[in-house]
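Understanding the architecture of this molecule
This is what each chain is made of:
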Amino acid sequence: MEKNSKEHKHYRTCNLCEAMCGVEITLTDNKITSIRGDKDDPFSQGHICPKAVALQDLYNDKDRLKHPVRRTQNGWQRIGWDEAFDEVAKHLKSVQSHYGNSAVGVYIGNPTVHNYGSMLFGPLFFASLHTRNRFSSTSVDQLTHHLVGYFMFGHQFLLPVPDLERTEFMLILGANPAVSNGSMLTAPDMAGKLKAIRGRGGRVILIDPRRTETARVVDEHIFIRPGTDVFLLLAFLHVIFAENLANLDRLASFTDGLNTIKQLVKDFSPEKVTSITGVAATKIEELAKAFAQAKAAVCYGRMGVSTQEFGAVCQWLINVLNIVTGNLDRVGGALFTLPAFDPVDAPEFLAPKGSYGRFYSRVRKLPEFAGELPSVAMAEEILTPGKNQIKALVTSAGNPVLSTPNGQQLDKAFASLEFMVSIDFYINETTRHANIILPPTSSLEHDNYDVGFNLLAIKNVAKYSPTLFEPTDDRRHDWQIFLELQTRMESKGLLSKTVASIKKEVMNRLGPAGMLDLGLRVGPYGTKLNPLSNGLTLHKLKESTHGISFGHLEPSLPKRLRTASKCIKLAPEVLVQDLARVKEKLLSKKDDELLLIGRRHLSSNNSWLHNSLRLVKGRSKCVLLINPVDALKRQVVDGQTVAVSSRVGRIELSIEISDEIMPGVVSIPHGWGHNRPNLQLSVAQEHAGVSLNDLTDELAIDAVSGSAAFSGVLVEVKAVSHKVSYSRDLVESLKASD
Ligand SMILES: Nc1nc2c(c(=O)[nH]1)N[C@H]1C(S)=C(S)[C@@H](COP(=O)(O)OP(=O)(O)OC[C@H]3O[C@@H](n4cnc5c(=O)[nH]c(N)nc54)[C@H](O)[C@@H]3O)O[C@H]1N2
Ligand SMILES: Nc1nc2c(c(=O)[nH]1)N[C@H]1C(S)=C(S)[C@@H](COP(=O)(O)OP(=O)(O)OC[C@H]3O[C@@H](n4cnc5c(=O)[nH]c(N)nc54)[C@H](O)[C@@H]3O)O[C@H]1N2
Ligand code: SF4
Ligand SMILES: [Mo]
């Protein structure tokens with residue numbers, strides 16, 4: 001290092017995925033020279049994944065917008081912030097006065113949850129729009145968890161978290177934590193933690209139509225036909241009741257509905273479900289018994305089961321399995337967190353406890369949950385004429401053209417809008433349709449606190465990430481953008497203008513940090529507003545550079561339940577009724593189908609990290625995985641380009657033949673497809689891939705929640721060229737013989 005160069009270390013939490021890894025960023029002369037895992041972070045203890053470097057790439061990205069832009073006939077034109085805010089408010093108000101409040105739609109994407117400014121200020125702006133047409137990535141992701149939490153425990157944020165570090169038996173359905181780093185389960189180094197279960201004599205079982213990266217670290221991987229987990233779960237419960245293994249332990253005194261469950265599962269013996277699931281009856285029986293007899297066991301299911309035809313019922317039955325074996329609220333089972341900033345006790349307007357079916361979408365009559373409608377309905381709400389048709393749209397931190405089913409239809413819908421504004425720093429497949437883009441600062445230019453993921457963490461922890469680079473040159477944070485827009489939307493006459501500007505002044509002073517401080521003070525470890533208490537405050541948290549751990553999760557029921565009866569509702573009516581649909585499905589099994597599922601890769605993150613060269617270089621990951629048996633039937637060879645078609649679309653991509661995918665199933669990763677025109681993503685465009693969601697179907701949903709059913713889309717695969725290539729094994733053996 002040069003003599004006079006100044007080195008400085010900065011500590012924060014990586015906010016790219018849910019794992020909350022502590023990072024140590026070294027700066028030399030104010031430039032990032034390394035990003036490493038922070039060994040002193042009590043939660044992550046030095047672990048990071050290859051994506052962490054994207055924090056730097058994102059900050060340095062030349063394609064990232066830094067000023068508001070307006071779309072014109074001659075391309076994007078830079079405009080000032082005030083001009084942009086005024087113009088957005090003018091158009092939104094005009095659409096609302098012509099067509100009604102719900103003519104303005106809203107879509108909020110996933111990074112919202114990774115940014116506390118958006119989490120705390122977004123809801124205030126969206127409320128100021130008074131629209132029923134609110135959508136978010138929740139309904140293509142974890143909606144079923146919230147719905148089930150609301151029905152069973154009385155709050156959408158009461159979400160049981162597997163006690164990874166103390167469990168002895170973990171049954172995983174439809175999750176790939178070795179790649180995703182865990183979801184609805186915040187725990188750095190998931191692969192290491194799964195190995196540790198086995199290391200202490202425990203057992204880990206994985207159920208997945210693909211032998212994934214996670215399969216490499218578990219005891220046993222079992223294939224399952226996509227979309228059929230509901231039968232497997234019912235059969236597990238069948239065995240548990242038939243063998244008299246149900247034992248609710250201390251949960252018995254505050255659980256309602258056990259008899260209903262006992263009756264419901266009678267029809268689903270392992271023998272009955274073996275053909276539809278593809279799982280041997282003897283295996284189902286063995287696993288059910290082992291699960292029930294383990295000292296501490298936990299069943300956990302994620303995207304593969306959350307977003308399928310029976311997503312809500314699957315998430316419900318996973319909880320039921322944990323409850324009837326006494327493993328909910330048990331050390332080593334599934335426990336609730338007690339986060340320092342606790343959304344379960346936050347005000348309703350910030351973190352509503354949930355609601356279901358208070359209103360329905362206009363065209364398809366899909367139910368609202370917690371004030372939002374399912375995203376699968378967004379395109380039809382824009383394209384179908386009538387009262388309350390969406391004419392203008394606000395998107396924030398989302399890319400629904402690539403991330404929601406039937407992306408092509410949504411692309412068309414967005415192009416037809418009278419006005420669209422996007423709060424985003426990229427011109428991507430979605431925001432290219434906006435009339436105005438308002439770009440917020442990037443992660444390293446603002447502070448952060450994980451208000452969402454601390455709720456899902458395997459330990460009660462807290463950490464504050466300070467700003468690394470002070471934003472220069474007239475930049476705005478997400479929360480500031482929301483506040484400006486809210487103020488303008490609320491200013492309708494002279495009086496409301498005055499009230500709105502006073503409110504703005506107060507909120508501006510408070511900022512997200514002020515709200516966080518308040519939340520920490522009134523939270524479970526806080527001062528409780530007692531000036532003499534030495535409880536937690538933001539000041540204290542800031543002093544703990546690497547974060548604070550309050551230790552393992554602890555049993556908290558029945559106190560933490562928010563149901564009116566203070567009991568767990570084991571058999572909520574809406575979910576019980578959905579079993580009629582499940583029974584119909586049991587009779588409808590067809591052979592010789594090809595079912596499409598998705599996939600994630602370690603160096604990718606949904607649709608938006610493909611502009612980092614470090615992460616995308618090398619062989620394209622956007623290929624179709626197909627089993628050798630299915631490839632042979634279609635006379636296709638490794639590396640060949642095929643056409644994949646579904647009810648809604650057709651894409652072409654090359655194939656990789658592999659027995660890691662089960663026969664009858666094919667897989668394509670989501671988040672690709674940067675081949676649409678008018679993007680400003682130079683690296684991603686060079687590594688475009690194709691979009692899985694040009695094949696997924698907006699009509700394929702979980703009927704209870706309206707969540708997208710991504711797993712198990714019926715497709716056809718046909719050869720389009722006959723380029724002969726060689727399998728990797730063959731190439732390797734040729735090289736070896738050289
Ligand atoms: N590297 C990386 N990490 C990420 C992300 C990313 O894009 N890249 N995204 C982040 C986000 S937003 C989320 S929500 C999480 C998701 O986290 P995970 O849910 O752990 O990740 P997925 O890869 O979607 O895993 C779903 C698994 O379900 C399987 N599956 C598909 N259909 C079925 C089915 O019908 N039944 C069963 N049993 N299994 C099925 C798939 O083969 C796949 O292995 O990951 C987060 N982390
Ligand atoms: N077929 C299929 N589809 C899927 C999935 C699947 O497994 N299979 N997974 C689903 C899941 S789990 C998810 S979460 C969704 C994700 O769906 P979305 O949230 O709609 O899409 P992302 O790809 O995460 O895009 C995020 C956008 O936010 C912007 N952004 C990033 N950080 C910030 C920020 O701090 N502020 C603002 N304002 N913008 C920011 C990025 O530039 C990008 O445009 O995709 C879903 N789609
Ligand atoms: S696992 Fe997630 S939080 Fe940890 S470094 Fe990777 S992207 Fe960041
Ligand atoms: Mo997600």
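Residues numbered from 1 in each chain as written. Chains lettered and ligands numbered in written order. Predicted model: local features only at pLDDT ≥ 70, side-chain atom pairs only at ≥ 80, totals over all residues. Heavy atoms only, no water.

**Looking at the overall build of the protein**
When you go through the protein residue by residue, the secondary structure sums to 23 helices and 29 strands. For a compact globule of 738 residues, the expected C-alpha radius of gyration is about 27 Å, and the protein comes in at 25 Å, within 12% of that figure. Counting only C-alpha atoms, the protein reaches 70 × 70 × 70 Å along its principal axes. The buried share among the 738 residues of the protein stands at 62%. (Helix = DSSP H or I, 4+ residues; strand = E, 2+ residues; numbered from the N terminus. Rg over C-alpha atoms; globule rule 2.2 N^0.38 Å. Buried < 20%, exposed > 50% of the residue type's maximum accessible area, 1.4 Å probe, protein only.)

**Digging into the site of ligand 2**
Taken together, 29 residues form the shell around ligand 2, and within it Asn 110, Ser 403, Asp 424, Asn 428 and Ser 607 come nearest. Between Asn 115 and ligand 2, the recorded distance is 3.3 Å, taken from a side-chain N or O atom to an oxygen atom. Residue Asn 693 places a side-chain N or O atom 2.8 Å away from a nitrogen atom belonging to ligand 2. When ligand 2 is considered free in solution it has 920 Å² of accessible area, and contact with the protein chains removes 96% of it. Along the lines of polarity and charge, the residues of the shell around ligand 2 split into 13 nonpolar, 12 polar and 4 charged. (Near = heavy atom within 4 Å. Polar contact = N/O pair within 3.5 Å; in protein donor to acceptor, adjacent residues only side chain to side chain. Areas by Shrake-Rupley, 256 points an atom, 1.4 Å probe, with all protein chains shown as cover. Nonpolar A, V, L, I, M, F, W, Y, C, P; charged D, E, K, R; others polar.)

**What to know about the nonpolar core**
Ranked by internal contacts, the top residues of the largest apolar core, which has 105 residues, are Met 170, Leu 171 and Trp 316. For this core, the element with the highest residue contribution is helix H7 (residues 229-242), accounting for 11 residues. Setting aside residues no more than four positions away along its own chain, Met 170 makes contact with Pro 162, Leu 164, Leu 185, Leu 194, Ile 197, Arg 203, Val 204, Ile 205, Val 298 and Tyr 300. In terms of nonpolar packing, the next biggest core, distinct from the first, is built from 47 residues, Ala 340, Ile 423, Ile 436 and Tyr 449 among them. (Core = buried A, V, L, I, M, F, W, Y, C linked by side-chain atoms within 4.5 Å. Contact = heavy atoms within 4.5 Å.)

**Notes on the state of the cysteines**
In the structure shown here, the tally under the stated rule is 0 disulfides. A disulfide-free cysteine, Cys 299 has its sulfur positioned 9.6 Å from the sulfur of Cys 314, the nearest such atom. (Disulfide = S-S within 2.5 Å.)

**A word on unusual backbone geometry**
Backbone torsion omega between Leu 557 and Pro 558 reads 5°, so that peptide bond is classified as cis. With respect to the helices and strands, Pro 558 occurs in the loop between strand S21 (548-552) and strand S22 (568-569). The backbone of Lys 365 sits at a positive phi, close to 60°, despite the residue not being glycine. When you line up the elements, Lys 365 lands in the loop between strand S15 (356-360) and strand S16 (367-369). Phi angles above zero are rare outside glycine, and Asn 606 is one such case at about 45°.

**Here we look at the domain arrangement of the protein**
When its domains are assigned, the protein resolves into domain 1 (7-60), domain 2 (143-337 + 564-581) and domain 3 (590-737). One C-alpha centre belongs to domain 1, the other to domain 2, and the line joining them spans 34 Å. Taken together, the contacts link 10 residues of domain 1 with 10 residues of domain 2. Counting across the interface, domain 1 meets domain 2 through 0 salt bridges. One can count 4 residue pairs in polar contact (both at pLDDT 80 or more) joining domain 1 with domain 2. Looking at the side of domain 1 that touches domain 2 residue by residue, the classes come out as 6 nonpolar, 2 polar and 2 charged. (Domains from an automatic or database assignment. Salt bridge = Lys/Arg side-chain N within 4 Å of Asp/Glu carboxyl O.)

**Here we look at the site of ligand 3**
In the vicinity of ligand 3, the contacting residues are Cys 14, Leu 16, Cys 17, Ala 19, Met 20, Cys 21, Ile 48, Cys 49, Lys 51, Ala 52 and Asn 181. Residues of the shell around ligand 3, tallied by class, amount to 9 nonpolar, 1 polar and 1 charged.

**Brief notes about helix H4 (residues 143-153)**
Within H4, 10 of the 11 residues are buried, leaving the element largely enclosed by the surrounding structure. Within the sequence span of H4, burial applies to Leu 143, Thr 144, His 145, His 146, Leu 147, Val 148, Gly 149, Phe 151, Met 152 and Phe 153.

**Considering the packing of aromatic side chains**
Under the counting rule described, the total for this entry stands at 15 aromatic pairs. With a centroid separation of 5.4 Å and 50° between ring planes, the pair formed by Tyr 150 and Phe 151 is classed as tilted. Accessibility expressed as a relative area gives 21% for Tyr 150, which makes it partly exposed. Overall, Phe 151 belongs to the buried group, its relative accessible area being 14%. Among the aromatic residues, those joined into a cluster by ring pairs are Tyr 150, Phe 151, Tyr 356 and Phe 369. (Phe/Tyr/Trp six-rings, centres within 6.5 Å; stacked < 30°, edge-to-face > 60°.)

**Some remarks on the packing of H7 against helix H10 (residues 281-293)**
Orientation of H7 relative to H10, taken along the N-to-C sense of each, is 65°, at an axis distance of 9 Å. Where H7 crosses over H10, the two elements pack in a sense that is right-handed. Side by side, H7 and H10 meet where Leu 232, Ala 235, Phe 236, Val 239 and Ile 240 of the first sit next to Ile 284, Glu 285, Leu 287, Ala 288, Lys 289 and Ala 292 of the second. In terms of residue class, the contact of H7 with H10 is built from 9 nonpolar, no polar and 2 charged. (Axes fitted to C-alpha atoms, helices over the stretch in contact; angles between N-to-C directions. Left-handed = near helix turned anticlockwise from the far one by under 90°.)

**Quick word on the layout of surface pockets**
Using a probe with the size of a water molecule, rolled over the atoms, empty space left in the structure can be pinpointed. Taken as a whole, the second largest pocket holds about 640 Å³ of empty space. At the level of secondary structure, the elements contributing two or more residues to the lining of the second largest pocket comprise helix H3 (116-128), helix H17 (494-522) and S21. Broken down by element, the lining of the second largest pocket gets its largest block of residues, 6 residues, from H17. Tallied by class, residues from the lining of the second largest pocket come to 18 nonpolar, 6 polar and 6 charged. (1 Å grid on protein atoms, 1.4 Å probe; cavity = no way out; pocket = protein on both sides within 12 Å on 5 of 7 lines; lining within 4 Å. Points joined across faces, edges and corners; volume = space filled by probe spheres on them.)

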